[in-house]
Amino acid sequence: MASPEQYDLPPLARHRKFLDRRAVRRALPWLVVAAMFLFWELFVRAFGIQEFVLPAPSAIFASLWEWHEPILENAWQTLMTTLVGFGLAILIGGLGGVALGSSAVLYASFYPLLIGFNSVPKVAVIPILIIWFGIGTIPAIITAFLLAFFPILVNVATGIATVEPELRDVLRALGATKRQVIVKVGLPRAMPYFFASLKIAMTVAFVGSIVAETVAANKGIGYLMLVASSRFQVPLAFAGLIVTGVMGVGMYVACAAIERRMTGWATRSADDGVSFSA
Amino acid sequence: MSDFLELDRVSLKYTEDETALALYHTSFRVSRGEFIAVVGPSGCGKSTLMKVVTGLWPATAGTVKVANQVVNGPLSIVGMAFQNASLLPWRTALDNVMLPLEIVQPHASRLKKERAAYEAKARDLLALVGLKGSEQRYPWELSGGMQQRTQLCRALVHEPSLLMLDEPFGALDMFTREELWLALQDLWLANRPTVILVTHDLREAAFLADRVLVMSARPGRIVLDRKVTTPRPRTLENAYLPEMVELVHELREHITAARAKAA
């Protein structure tokens with residue numbers, strides 16, 4: 001076989017365009033974020049917008065620093081609440097998805113109910129949760145769970161239910177039991193669907209816990225933002241929003257990293273992806 | 001030779017509606033170790049026949065017997081391969097081939113203890129179809145032809161007494177297809193399973209089979225049962241010899257007639 005040198009090809013990497021380089025790709029999201037804050041700062045200053053309407057990023061970061069202790073404490077509370085709700089959603093959504101995905105009867109019977117259930121605005125449920133559990137962490141956990149479990153369930157069910165009929169025949173002709181078909185093919189096949197749903201579920205779990213905190217809690221980022229707004233400390237409220245966004249991105253990146261590790265076979269060339277965690 | 005597979009006036013309809021008859025009074029016998037090819041116009045119920053023979057679908061009327069047992073549920077000893085390779089993308093070629101061994105008894109319960117021996121066997125099979133060195137590659141790293149070879153190995157690794165092939169080479173180019181005919185012949189000569197090959201390709205049927213069955217248009221039934229006497233092992237030159245070409249023409253005429261009748 002001829003060795004590569006003999007072909008005298010130009011090294012490919014040098015011919016890559018500037019924007020295609022890995023390091024540049026990694027820096028781009030940060031540049032976009034920085035540009036957004038810069039534009040925001042200039043906009044607020046140029047038009048002389050009042051702080052209680054739209055605070056400038058400099059004011060927000062100043063307040064972030066000033067109040068970092070309560071912010072950290074409340075962010076921790078929100079993070080824990082979200083993770084517990086998210087964990088419950090993985091457990092129940094996952095099990096429910098396996099059950100619905102592997103049984104056509106269960107699927108047909110429960111799916112309409114689940115759709116109806118998912119259509120109910122979860123904010124409307126929070127007052128009921130307060131009646132049942134009082135003000136505190138539990139309504140926030142339940143709201144996070146309620147928002148997050150549906151995408152997980154639907155995705156896992158889809159992954160298991162859409163096993164190729166030919167593959168099913170191959171396995172049945174080998175004498176495989178229904179359980180074996182699910183374990184050998186259904187579950188591994190559902191994994192990409194499952195991890196894709198985790199990214200969605202993670203972000204909506206944050207929405208759930210924070211909305212519940214603004215209504216029915218005395219701790220958490222949602223509560224902090226509510227208190228800040230009621231005292232016209234608008235920069236602090238915005239600081240809360242930014243912290244929430246950062247937590248959301250952080251958890252998303254964590255989910256995406258786990259996804260790539262577990263189901264690399266489904267994406268193949270992760271390097272070319274648009275994922276900003278690469 | 002004893003009959004291994006026997007279909008006696010088998011009919012099948014998908015629904016209660018009589019017009020949807022897919023098979024009507026289909027009867028034929030296959031000896032143990034025989035290689036049968038089933039050809040026919042498209043939509044004639046060839047694939048349906050496969051499902052009925054393997055017990056995946058129950059016959060509406062008539063009986064299917066395999067090894068003197070009436071089939072009334074999915075057989076658990078059959079190897080199958082399809083046009084679509086349907087390999088598991090999260091498994092390497094070797095692990096895909098090993099899949100049946102994790103399910104079929106007695107292999108499944110022995111697999112843990114005798115993993116090395118079974119793995120050697122799967123590697124031998126892959127080597128036999130020319131995939132030595134590709135054992136640890138994933139399906140997306142294999143060409144279409146290599147995927148089909150892997151699928152054939154998966155269908156044969158548990159040494160099934162019956163191998164059902166539903167247009168396994170349908171999606172491949174002619175050169176790859178001819179190569180795989182030889183690979184399949186080698187696999188068959190090595191283990192001598194009973195094979196039923198459903199195909200659109202008359203040359204493929206003539207080249208590979210001991211007997212070619214021609215099915216009529218829907219509702220399908222056997223209109224010709226033709227022996228192929230060319231000795232084994234056959235080479236690709238055989239495929240272009242006058243007797244083979246004549247046989248292909250003969251099959252073609254029957255299928256044209258069957259299609260004309262349906263129209």
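Residues numbered from 1 in each chain as written. Chains lettered and ligands numbered in written order. Predicted model: local features only at pLDDT ≥ 70, side-chain atom pairs only at ≥ 80, totals over all residues.

So, on to the overall build of chain B. For chain B, the helix and strand inventory stands at 8 helices and 10 strands. Relative to its length of 263 residues, chain B is compact, with a C-alpha radius of gyration of 18 Å against a globular reference of 18 Å. Burial statistics for chain B: of 263 residues in total, 44% are counted as buried. If you take every contact in chain B between residues at least 6 apart in sequence, the share linking residues at least 24 apart comes to 72%. (Helix = DSSP H or I, 4+ residues; strand = E, 2+ residues; numbered from the N terminus. Rg over C-alpha atoms; globule rule 2.2 N^0.38 Å. Buried ≥ 20, exposed ≤ 12 C-beta atoms within 10 Å, placed from the backbone. Contact = placed C-beta atoms within 7 Å.)

Okay, the sheet that holds strand β2 (residues 21-31) of chain B next. Residues and elements named next belong to chain B. Ordered in space as β2-β1-β4-β5, the 4 strands form an open sheet in which the pairing is antiparallel. This sheet does not close on itself; its edge strands, each paired only once, are β2 and β5 (69-70). When strand β1 (residues 3-13) meets β2, the two strands line up antiparallel, connected through 7 bridges. Bridging from a neighbouring strand, E6 pairs with R29 of β2. Packing of helix α1 (residues 46-53) onto the sheet brings it into contact with β1, β2 and β4 (61-66), and relative to β2 it is tilted by some 60 degrees. (Pairing = 2+ DSSP bridges. Axes fitted to C-alpha atoms, helices over the stretch in contact; angles between N-to-C directions.)

All names here are of chain B. One open sheet holds the 6 strands; their spatial order is β6-β7-β8-β3-β9-β10, and the pairing between them is mixed. Strands at the two margins of the open sheet, each flanked by one partner only, are β6 (78-82) and β10 (222-227). Across this sheet, the average inter-strand angle for adjacent strands is 15 degrees, counted without regard to direction.

Now for the pairing of strand β8 (residues 194-198) of chain B. Residue and element names in this part refer to chain B. When you tally the buried positions in β8, you get 5 out of 5 residues, the bulk of the element. Every second residue of β8 is oriented toward a common face, with T194, I196 and V198 on one face and V195 and L197 on the other, all of them buried. Both strand β3 (residues 35-39) and β8 contribute to a ladder of 4 bridges, which runs parallel. Within the sheet, the bridge partner assigned to A37 lies in β8 and is L197. Here strand β7 (residues 162-166) pairs with β8 via 5 bridges, running parallel. Opposite L162, over in β8, you have T194 as the bridge partner. On the question of chirality, the crossover connecting β7 to the parallel β8 by way of helix α6 (residues 174-191) is right-handed. (Right-handed = clockwise from strand over helix to strand, strands pointing away.)

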